[in-house]
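Observations on the three-dimensional arrangement
Here is how the chains run, residue by residue.
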Amino acid sequence: MGTKITPKIKSVLARDKKVMFTTTRTPYPFVADRGEGDIVYDVSGNKFIDFSSFVSVYNLGVNANLSIRNAAKKQIDKLMHAAFTDFYAELPVTFAEKLVKKFPKGFGRVFFSNSGTEANEAAIKFARLFTKRQYTLSFYNAFHGRTLGSLSLTASRSSQRHYFGPFPNTIHVPYAYCYRCPFGKEYPSCGMACLDYIKDYALSKEVHPTEVSAIFIEPMQGEGGYIAPPVEFIKGVREIADDNGMLLVSDEVQSGYMRTGKFLAMDNFGVEADIYTMAKAIAGGLPMGATITRSSLGDIPAGSHANTFGGNLVAVAAANASIDYLNANKASISAEIRRKSSIMFKRLNAMKESYAIIGDVRGLGMMIGIELVRSRETKEPAVTERDNILKSCFNNGLILLPAGISTIRIIPPLTVSTDNLEKGLGILEDAIKEANSSLFR
Ligand SMILES: Cc1ncc(COP(=O)(O)O)c(C=O)c1O
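This is a predicted model, so every value here is computed, not measured. (Residues numbered from 1 in each chain as written. Predicted model: local features only at pLDDT ≥ 70, side-chain atom pairs only at ≥ 80, totals over all residues.)

**Let's talk about the overall build of the chain**
From N to C terminus, the chain includes 12 helices and 15 strands. Across the 441 residues of the chain, 49% fall into the buried class. Restricting to contacts in the chain with at least 6 residues of sequence separation, those with at least 24 account for 74%. (Helix = DSSP H or I, 4+ residues; strand = E, 2+ residues; numbered from the N terminus. Buried ≥ 20, exposed ≤ 12 C-beta atoms within 10 Å, placed from the backbone. Contact = placed C-beta atoms within 7 Å.)

Below, the structure is given as structure tokens:
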């Protein structure tokens, strides 16, 4: 076992426990200190390959890259905060102009905030304002954030909602989680029963379609289990929205910013949403959220939405340098994602052939999940085994995050070197092999 749990690590954990509120936290004690590219070190100098991008934030490398860091540093010395919803500033406008160019034609209005949940709060309010309707529709296993509006959309674990209701009006419906179809069917012979359910139950028996402002959807579900749906599903949801005058909101907070190989995850499905939300990777490691709408939806009345820190100049400087970097290296970044995605899928699918504990391998681009099961017949989730695999990887120099009940998410920085990608997959395979043989001893 390579990773040493030193007195320093133990002391930070003990101090944290005393003063900080409990949060989600991984099953292993990673105390971050410094990092660059695809490598991170903890406070005791233990070295790790990063397969987490620190929750899909460091898409362009751990601690961003030099051009992004330098832009942020320069801005710190000039002016950090411009009160951008009260005063004017040029940099956020320049960045917004570049950002909307990454969206389908006709997208032209941007609201800046500081996180994914705030980007979704803005989307909820805008959708209500634009349609004058009060309900929203979202999916089981969805994660859209933890403030009360976005939490009303979130339904990936009841513990996240426990004691916090009642919530604003959201109806939840099943997502196309084909590995565990809630209707007990199989794709494609299912005939998309999940789409029929929305029409025949949710919109026929619970809420009148003319009262629903928007359907919020993650093009690929993240926290809920790294669930990639069939193209037909997303197209069908778009159709339901169109048939009923509802808006479609694509939550790209985790899946956007090239993670799936395209700037927008929704572009993998040939579908356009009406509102997009982004955060996480957009400013390379600094806090930023963005809500981007179709121009034809119009504007909002003065005073109906604003904030203090949205458009913060340091975050925007980083985001601006990041989008410049993406634009300058577009072709090579896309080609590299395709190449590395194929390395990952090949290796993970080969592991699935060898180890029965892997029930499903799924994803898009470099956003891949492997769901672990105790039996391929019963699909009993292998929760303890999954956590043991994460711990074993940590002990051997690889940082990975869980998702859903028993899934491991594999999201290295898009810039990961082939060598470290292969090494990381090797560490993961050793841990899976060990868990597989103790399970099926
Ligand atoms: C799809 C999605 N939406 C929203 C959020 C909330 O973002 P934040 O934690 O920045 O509020 C997350 C966070 O993981 C997410 O994955």
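After that view of the structure, there is still more to cover.
**Observations regarding the site of the ligand**
What surrounds the ligand is a group of 14 residues, the closest being S115, G116, T117, V253 and Q254. Considering each element in turn, the shell around the ligand owes the most residues, 3 residues, to helix α5 (residues 116–131). Among the residues forming the shell around the ligand, the class breakdown is 3 nonpolar, 8 polar and 3 charged. (Near = placed C-beta within 6 Å. Nonpolar A, V, L, I, M, F, W, Y, C, P; charged D, E, K, R; others polar.)

**Focus on the packing of helix α3 (residues 66–78) against helix α9 (residues 313–328)**
Between α3 and α9, whose axes approach to 8 Å, the crossing angle comes to 150°. As far as their axial angle goes, α9 and α3 are roughly antiparallel. For the element pair α3 and α9, the recorded crossing hand is right-handed. Mapping the contact onto sequence places S67, I68, A71, A72, K74, Q75 and I76 in α3 and L313, V314, A317, A318, N320, A321, S322 and Y325 in α9. Here the contact of α3 with α9 is composed, by residue class, of 10 nonpolar, 4 polar and 1 charged. (Axes fitted to C-alpha atoms, helices over the stretch in contact; angles between N-to-C directions. Parallel < 35°, antiparallel > 145°, perpendicular 65-115°, else oblique. Left-handed = near helix turned anticlockwise from the far one by under 90°.)

**Quick word on the environment of T147**
Structurally, the position occupied by T147 is in the loop between β5 (135–139) and α6 (148–153). Overall, the presence of 16 C-beta atoms within 10 Å leaves T147 in the partly exposed class. With 26 residues separating them along the chain, T147 and E121 place their C-alpha atoms 8.0 Å apart. Ignoring any residue separated from it by four or fewer positions in sequence, one finds T147 in contact with T117 and E121.

**A look at the domain arrangement of the chain**
Partitioning the chain into domains gives domain 1 (7–63 + 334–439) and domain 2 (66–328). Here the C-alpha centroids of domain 1 and domain 2 sit 25 Å apart. Opposite the 29 residues of domain 1 that make contact, domain 2 presents 26 residues. Secondary structure elements with two or more residues in the side of domain 1 that touches domain 2: α2 (53–56), α10 (330–354), β11 (358–364), β12 (367–372) and β15 (407–410). The leading source of residues in the side of domain 1 that touches domain 2 is β11, at 5 residues. Within the side of domain 1 that touches domain 2, the residues separate by chemical class into 12 nonpolar, 11 polar and 6 charged. (Domains from an automatic or database assignment.)

**Considering the nonpolar core**
Grouped together as the largest cluster of nonpolar side chains are 127 residues, with contacts concentrated most on I215, V249, A318 and L398. Considering each element in turn, this core owes the most residues, 10 residues, to α9. Among all residues touching I215, those that are not within four sequence positions of it are L137, V237, A241, M246, L248 and V249. (Core = buried A, V, L, I, M, F, W, Y, C linked by C-beta atoms within 7 Å.)

**Re helix α7 (residues 193–206)**
Where α7 is concerned, the buried positions are C194, L195, I198 and L203. The arc that holds every buried residue of α7, seen down its axis, measures 100°, which confines them to one face. With respect to the buried face of α7, the exposed residues turned more than 90 degrees away are D200, S204 and K205. Against β6 (170–173) and α8 (231–243) lie the buried residues of α7. (Arc of directions from axis to C-beta.)

**A look at the sheet that holds strand β13 (residues 398–399)**
With mixed pairing, the 4 strands of this open sheet are ordered in space as β1-β2-β3-β13. Edge positions in the open sheet fall to β1 (32–36) and β13, since each of these has one partner strand only. When strand β2 (residues 39–42) meets strand β3 (residues 47–50), the two strands line up antiparallel, connected through 3 bridges. Considered in β3, the bridge of Y41 is made with K47. (Pairing = 2+ DSSP bridges.)

**Overview of helix α4 (residues 90–100)**
The complete set of buried residues in α4 reads L91, P92, F95, A96 and L99. Down the axis of α4, the buried side of the element spans an arc of 135°, and every buried residue falls inside it. Exposed residues on α4 whose side chains face more than 90 degrees from its buried face are E90, T94 and E97. Residues of α4 that are buried make contact with β4 (107–113), β10 (289–294) and α9.

**Considering unusual backbone geometry**
That bond from G165 to P166 is cis: its omega, 0°, falls within 30 degrees of zero. At V55, a position not held by glycine, the phi torsion is positive, near 65°. Here V55 shows up in helix α2. At M192, a residue that is not glycine, the phi angle is positive and equals roughly 55°. By secondary structure assignment, the location of M192 is in the loop between β6 and α7.

**Remarks on the sheet that holds β6**
Read from one edge of the open sheet, 7 strands run β4-β10-β9-β8-β7-β5-β6, paired in mixed fashion. Only two strands of the sheet have a single partner each, and these edge strands are β4 and β6. Strand-to-strand twist across the sheet, computed as the mean angle between neighbouring axes with direction ignored, equals 20°. Lying on the sheet, α7 is in contact with β5 and β6; it crosses β6 at an angle near 150°. Against the sheet, α8 contacts β7 (212–217) and β8 (247–251), and its axis sits at roughly 145° relative to β8.

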